[in-house]
Amino acid sequence: MCGIVGVIACRNVSKILIEGLSRLEYRGYDSSGIAINNEDGVYSHRAVGKVQALKDKFEAYPLDGKIGIAHTRWATHGKPTEANAHPHFSGDDLALVHNGIIENHEPLRRELKAKGYEFKSETDTEVIVHLIHDAMKSQPDLLKAVQASLAKLEGAFAIGVVQKDDNERFIAARKGSPLVVGVGIEENFVASDQLALLHVTDQFIFLEEGDVVELSRDQVTIYDAKGEPQERPISVFNHNIDATDKGEYRHYMMKEIYEQPKVIAACLDGRISETKVLTSCFGADSGFLKEVENIHIVACGTSYHAGMVAKYWIEDLAGLPCTVEVASEYRYRKVAVPKNTLFLTLSQSGETADTLAALRMAKELGYLTTLAICNVPSSTLVRESALTLLTNAGAEIGVASTKAFTTQLTALLITSIAIAVENGLSAEKEKELVQAMRSLPAYVDLALKEDAHIKNVADRFANKHNALFLGRGTMFPIALEGSLKLKEISYIHAEAYPAGELKHGPLALVDENMPIIALVPHNDMLDKLKSNLQEVAARGGELYVFADKDTDLHSEENIIFTEVPKVDSILEPIVHTIPLQLLSYHVAVVKGTDVDQPRNLAKSVTVE
Ligand code: F6R
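As the structure is a prediction and not an experimental result, all values here were calculated from the model.

Okay, the UniProt feature "domain: Glutamine amidotransferase type-2" (unreviewed entry) in the chain next. Residues annotated in UniProt with the feature "domain: Glutamine amidotransferase type-2" (unreviewed entry) correspond here to residues 2-218. The distance separating the terminal C-alpha atoms of residues 2-218 is 28 Å; by composition the span is 25% helix and 33% strand.

What follows is the structure, given as structure tokens:
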């Protein structure tokens, strides 16, 4: 999604802005731009495509100045063209960058046109800059004009705005889209996330909904939605700074796949003892575990798949009903909330617009409490939820989620066991599960050892146009996740089915051109799944089987076998995810796609 960087300093800010944009590239974008404010006025460069195209313009035509705003745009209103790229201007007086969507942009555009404003882009953003310009006719102070204009906007936004002739400050604001203030020495910053500013500061202030902030070189003044000045705490960034360094790896995605043993261990650390789940991990308020009678899980995309796995765990271990729903559906329907229902959101970013909207709606619906399982401690989701369990995966840069997903599953397993303990799970069973979890990092490491073999499998796979993923039980959501990964980064059309559904329709697709990826752990469903595979083999389908040795499956004509470590069945969904991540990665590399920033996708989906 769009990314914002803004700087005021005593030095030239163009390099800081460009580095900030490069650090935001992982969020997904299709054009970029920068406006620099100096004594002569506000000047900008904009470019379609990668930030490198913008850098090239800067090299050819340098812009110097001590105040600037910059933007990566992920197109929503209007194609990715230079005219639609931010910053947008009102005359030569004001320049503005925006992340989010202005829902009432059409009536505002009509009003502004009637007042004589000329629009140069198809974006919703351009109305904001003209609105501020118009407000300045009766209220010449930029801060007050911004406050008055924002009150007229419906939708979500984070903005940065600079004014010609004002070389002492710039203004930023947020409502519904993320924005963080970076605090420096005689220089201050804003950005869509902290990673964009780690090259210049590690001190951050998280803005609240509706905050407007005035940034000068030596001061950051924050006003809340009512216009009252507010003090907000400064936090020091404590993520591992090398998150933005690929190290020995060619792509962030591969680095993040290989980090999984370490980050899963970090997710378990302090949350389980030798024999128990430590409920203190839910904070002082873990009393909800005793009261909960139902669970509603709401999330999007990969996080939704993690939620689907948790449904199997919760219903199996705790015997409590659990429903799982995508946030974009949940937020627009009338929801019946049974007594004592836990509302559980899952999000790696904690900024997903649909998930946040679902949380805000749920808070009005009488749930027992709200719990967020999230990877970003400073995110809006964490700040707005009553309880949090952090996944501790560290910053994830690759757009296709890998370590954030397996740590979500780890955190969900901890949660499922904690709820189950209050609902009759024996101490003996708890100990057995916890001991299995303690071995998880080592098994994930073992699963990674198949990398070289999977690379060979990928060579065979890369010329395919379609793929069908099959699994049963907890392997069904993992099949969904595997097919999503393949789609996202290799652009191969892929679908996933519960294997038992095959004969109810999708079997019609199976012929020698349709690869079938089957997830076959050695568990209660093995014989049933083997029958499903026979149905495929009988129709000439090529089977890519991911199974442990005990299944007695192996490579033969039309079967390509990949070994997955044999683990306790509770761990199967996590361990089986690893080879599917590797498969998608290697297929994408063979196909030559942009692995870390696949086309049309964004890392943090901050618009609806
Ligand atoms: C896919 C992926 C997405 C996200 C989804 C929700 O690899 O990462 O499907 O899971 O956009 O994002 P979060 O988890 O940040 O709420």
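At a closest axis distance of 10 Å, the pairing of helix 1 (residues 14-24) and helix 2 (residues 51-60) adopts a crossing angle of 165°. Regarding the angle of helix 1 to helix 2, the classification is roughly antiparallel. The interaxial crossing formed by helix 1 with helix 2 has left-handed handedness. Facing Ser14, Ile18, Leu21 and Ser22 of helix 1, the residues of helix 2 in contact are Val51, Leu54, Lys55 and Phe58. Considering only residue class, the contact of helix 1 with helix 2 consists of five nonpolar, two polar and one charged.

Now for the site of the ligand. Taken together, 14 residues are adjacent to the ligand, and Ser303, Ser347, Gln348, Ser349 and Thr352 come closest. A distance of 2.6 Å is found between an oxygen atom of the ligand and a side-chain nitrogen or oxygen belonging to serine 349. Taken by itself the ligand offers 400 Å² of open surface, and the protein chains cover 92% of this. Taken atom by atom, the bulk of the ligand overlaps the largest pocket. The element contributing the most residues to the shell around the ligand is helix 9 (residues 301-318), with three residues. Looking at side-chain class alone, the shell around the ligand contains four nonpolar, eight polar and two charged residues. Each of domain 2 (240-438) and domain 3 (449-608) gives at least three residues to the shell around the ligand.

What follows covers the domain arrangement of the chain. For the chain, the assigned domains are domain 1 (3-238), domain 2 (240-438) and domain 3 (449-608). Contacts between the two partners involve 15 residues from domain 1, matched on the other side by 10 residues from domain 3. Note on domain 1 versus domain 3: buried area summed over both sides is about 950 Å², and carbon and sulfur give 51% of it. The largest contributions to the domain 1 side of the interface with domain 3 come from Tyr26, Arg27 and Trp74, which together make up 48% of the buried area. A salt bridge links lysine 50 to aspartate 594; the shortest N-O distance between them is 3.1 Å. Linking domain 1 with domain 3 are three residue pairs in polar contact (both at pLDDT 80 or more).

With that settled, consider the layout of surface pockets. Rolled over the atoms, a probe as big as a water molecule pinpoints where empty space is left. Reported here for the largest pocket is a volume of approximately 500 Å³. In terms of lining residues, the largest pocket is bounded by 30 residues, among which Cys300, Gly301, Thr302, Ala602 and Val605 are the most central. Those elements giving two or more residues to the lining of the largest pocket turn out to be helix 9, strand 18 (341-347), helix 11 (353-362) and helix 17 (475-490). Its residues assigned to classes, the lining of the largest pocket shows 13 nonpolar, 13 polar and four charged. Residue assignment places the lining of the largest pocket across two domains, with domain 2 (240-438) and domain 3 (449-608) each supplying three or more.

Per the UniProt annotation, the sites labelled "active site" (unreviewed entry) are Cys2 and Lys603. These annotated residues cover 602 residues of sequence, and their C-alpha atoms all fall within 9.8 Å of one another, placing them together at a single site. Considered against the largest cavity, the annotated residues that line it turn out to be Lys603. Among the residues examined, cysteine 2 registers a relative accessible area of 8% and is labelled buried.

As a further point, take the sheet that holds strand 24 (residues 542-547). Spatial ordering of the open sheet is given by 22-21-23-24-25, a layout of five strands whose pairing is parallel. With partners counted over all chains shown, the strands left at the sheet margins are strand 22 (493-498) and strand 25 (559-563), one partner each. If you compare each strand with its neighbour and ignore which way they point, the axes differ by 20° on average. Note that strand 23 (residues 515-520) and strand 24 share six bridges and pair parallel. Of the residues in strand 24, the one forming a bridge with isoleucine 517 is tyrosine 544. Taken strand by strand, helix 16 (residues 451-461) contacts strand 21 (466-471), strand 23, strand 24 and strand 25, and its axis lies near 155° from that of strand 25. Here helix 19 (residues 572-591) sits on the sheet and contacts strand 21, strand 23 and strand 24; the angle it forms with strand 24, its principal contact strand, is near 135°.

Thresholds applied
- Residues numbered from 1 in each chain as written.
- Predicted model: local features only at pLDDT ≥ 70, side-chain atom pairs only at ≥ 80, totals over all residues.
- Heavy atoms only, no water.
- UniProt positions renumbered as here; feature names shortened; annotations may be inferred.
- Helix = DSSP H or I, 4+ residues; strand = E, 2+ residues; numbered from the N terminus.
- Axes fitted to C-alpha atoms, helices over the stretch in contact; angles between N-to-C directions.
- Parallel < 35°, antiparallel > 145°, perpendicular 65-115°, else oblique.
- Left-handed = near helix turned anticlockwise from the far one by under 90°.
- Contact = heavy atoms within 4.5 Å.
- Nonpolar A, V, L, I, M, F, W, Y, C, P; charged D, E, K, R; others polar.
- Near = heavy atom within 4 Å.
- Polar contact = N/O pair within 3.5 Å; in protein donor to acceptor, adjacent residues only side chain to side chain.
- Areas by Shrake-Rupley, 256 points an atom, 1.4 Å probe, with all protein chains shown as cover.
- 1 Å grid on protein atoms, 1.4 Å probe; cavity = no way out; pocket = protein on both sides within 12 Å on 5 of 7 lines; lining within 4 Å.
- Sits in = over half its atoms within 2 Å of the grid points.
- Domains from an automatic or database assignment.
- Buried area = accessible area lost by both parts, 1.4 Å probe.
- Salt bridge = Lys/Arg side-chain N within 4 Å of Asp/Glu carboxyl O.
- Points joined across faces, edges and corners; volume = space filled by probe spheres on them.
- Buried < 20%, exposed > 50% of the residue type's maximum accessible area, 1.4 Å probe, protein only.
- Pairing = 2+ DSSP bridges.

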